[in-house]
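# A look at the structure
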Amino acid sequence: MDDTSGTLDEALDRLHTTGPERGGWLTNHAPMAVEALVRHGQGPSVHRWLDLYANKLEDMPTPYATVTADNWSEALGDPRRIADWTAYFTRELADRPWRQVLAEWWPRLLPGIAGGATHPVIRVGHAVRTLLGETHSATVLQSAHSPATVLPSAHSPADEFATGPRAHELAHALGYWAARHAPLPPLDRLPGPAPRTAAEAMAAVPRVADQSGGIRDRLAQITTFPVWPGPASGALDPASGALGPDQARELLTELVRAAAHRYATHAHGSPIMLVHAVTAPNAVLRTLPALPRELWATSLDAAWAANAAVLAAYAPPTGLPHGELPSVPAGATPAERAEEIFTRAAAHGDEHAIKLTDTVLDVMATAGGGGGDDLAVAAALRACALIEPIA
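All of the points below concern the structure found in this document. Owing to the predicted nature of the structure, the values given are computational and were not obtained by experimental measurement.

### Some thoughts on the overall build of the chain
- Check the secondary structure of the chain and you find 16 helices and six strands.
- Taken across its 391 residues, the chain has 54% of its residues classed as buried.
- A fraction of 77% describes how many contacts in the chain between residues 6 or more apart in sequence connect residues 24 or more apart.

Set out below in structure tokens:
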């Protein structure tokens, strides 16, 4: 990200007086949306967007009881402690390198990835992306939507310590996750052959019986998931039965792509909630470069659990045929299509449409053949068509 204007830092400073939720449960999406807007060249619209979003913001909750290194386990998953958790991570990030803090807490938080309807991990993914973007040691990837997208080194010393609004944003994100940490119920393996691909696994996810309640009521009904990746995927080492970090990253990339494709065909089931089946796994994928490689395989498992949980709770029984999906006019280059769909999302204004399109641009950037990804593009267009635009 090349934000020489300081717009992102200004926006984050403005937002850090607000809490991560409103009305006791609904999530504040603004820090994630403004990061995506700035990243994709929409910085001049950020403060106007925040003005429109202001009625969805509430003050940070009052502190309840201090979280410490000795009592953190009893505070985990306690939403009354949102301010306390944020203060805890603010202290931690002031005293230690941010990668160390993240590596210590990632495996502690990962089992509760579905907590807060997956919003906390998504916010962490956006925060980590900004910190990784500040590194001075990077490689350059030619992408479908940008001449040069900077990919940070996983072991760059330049950003070991981080200060300012972007580090504070990571503290808010981790604090929110810790306060809303909520593991899924114990799950059995779905009978039958293990799926070979992420797309097959998603198609095999059983829908919960009662889809009349909120997400917590729906997640509580989940009893079984397909096992993916499993032996049928061909990714496990035949000798050890384990998954290596590079294979985990490749499969997580596959998972995000398949999730975007499934949103394109199934978004009508719940256009807003199903966004998280795409953006939560992508948040994990964005975080991998900042994590020790030994955490990558368990990160894939958690990303799959988050995706499957949202699909079980909200996916409709049937999808839209590919021939009925929207598209950008033929003849546009991948870069032109990327610019077009994000411009549409920014003009639409809804935070979910913005974040879904932000993930779609990631999917397009990894598409083989240099042609972008028609189904991913359709996902972004369907989000804008099905979700109510911001007033």
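### A closer look at the packing of helix H5 (residues 82-95) against helix H6 (residues 98-109)
- Contact geometry of H5 with H6 gives a least axis separation of 9 Å together with a crossing angle of 135°. The angle between H5 and H6 falls in the class oblique. Contacts between H5 and H6 involve Trp-85, Tyr-88, Phe-89, Glu-92 and Leu-93 from the former and Trp-98, Val-101, Glu-104 and Trp-105 from the latter.
- Split into classes, the residues belonging to the contact of H5 with H6 amount to seven nonpolar, no polar and two charged.

### Points about helix H16 (residues 374-386)
- The end-to-end C-alpha distance of H16 is 18 Å, a good match for the 18 Å that 13 residues give at a rise of 1.5 Å each.
- Here H16 has its buried residues at Ala-376, Val-377, Ala-378, Ala-379, Ala-380, Leu-381, Arg-382, Ala-383 and Cys-384.
- On its buried side, H16 packs onto helix H11 (245-266), helix H14 (334-348) and helix H15 (351-365).

### Quick notes on the nonpolar core
- Formed by 124 residues in total, the largest nonpolar core has its most connected members in Trp-85, Trp-98, Trp-106 and Tyr-263.
- When residues in this core are grouped by element, the largest group, 15 residues, is from helix H13 (residues 296-314).

### With respect to the packing of aromatic side chains
- Applying the stated criterion across every chain yields a total of ten aromatic pairs.
- Between Trp-49 and Tyr-53, the aromatic rings sit 4.8 Å apart at their centres with planes inclined by 15°, giving stacked as the arrangement. Of this pair, Trp-49 and Tyr-53 both sit in helix H3 (residues 46-53), four residues apart, which is roughly one turn of the helix. Here the two residues Trp-49 and Tyr-53 agree in accessibility, since each one is buried.
- Through a chain of ring-to-ring contacts, the aromatic side chains of Trp-72, Trp-85, Tyr-88, Phe-89 and Trp-105 assemble into a single cluster.
- Between the NZ or CZ atom of Arg-108 and the centre of the ring of Trp-105, over which it lies, the distance is 4.5 Å.
- One Lys or Arg, Arg-216, reaches over the ring of Trp-25 and ends 3.9 Å from the middle of that ring.

### Some thoughts on the side chain of Asp-358
- Note on placement: Asp-358 falls in helix H15.
- Other than its neighbours up to four places away in sequence, Asp-358 contacts Ala-36, His-40, His-126, Arg-129, Arg-286 and Phe-342.

Criteria and cut-off values
Residues numbered from 1 in each chain as written. Predicted model: local features only at pLDDT ≥ 70, side-chain atom pairs only at ≥ 80, totals over all residues. Heavy atoms only, no water. Helix = DSSP H or I, 4+ residues; strand = E, 2+ residues; numbered from the N terminus. Buried < 20%, exposed > 50% of the residue type's maximum accessible area, 1.4 Å probe, protein only. Contact = heavy atoms within 4.5 Å. Axes fitted to C-alpha atoms, helices over the stretch in contact; angles between N-to-C directions. Parallel < 35°, antiparallel > 145°, perpendicular 65-115°, else oblique. Nonpolar A, V, L, I, M, F, W, Y, C, P; charged D, E, K, R; others polar. Expected span 1.5 Å × (residues − 1). Core = buried A, V, L, I, M, F, W, Y, C linked by side-chain atoms within 4.5 Å. Phe/Tyr/Trp six-rings, centres within 6.5 Å; stacked < 30°, edge-to-face > 60°. Lys NZ or Arg CZ within 6 Å of the ring centre and 35° of its normal.

Remember, this is a structural readout, not a statement about activity or role.
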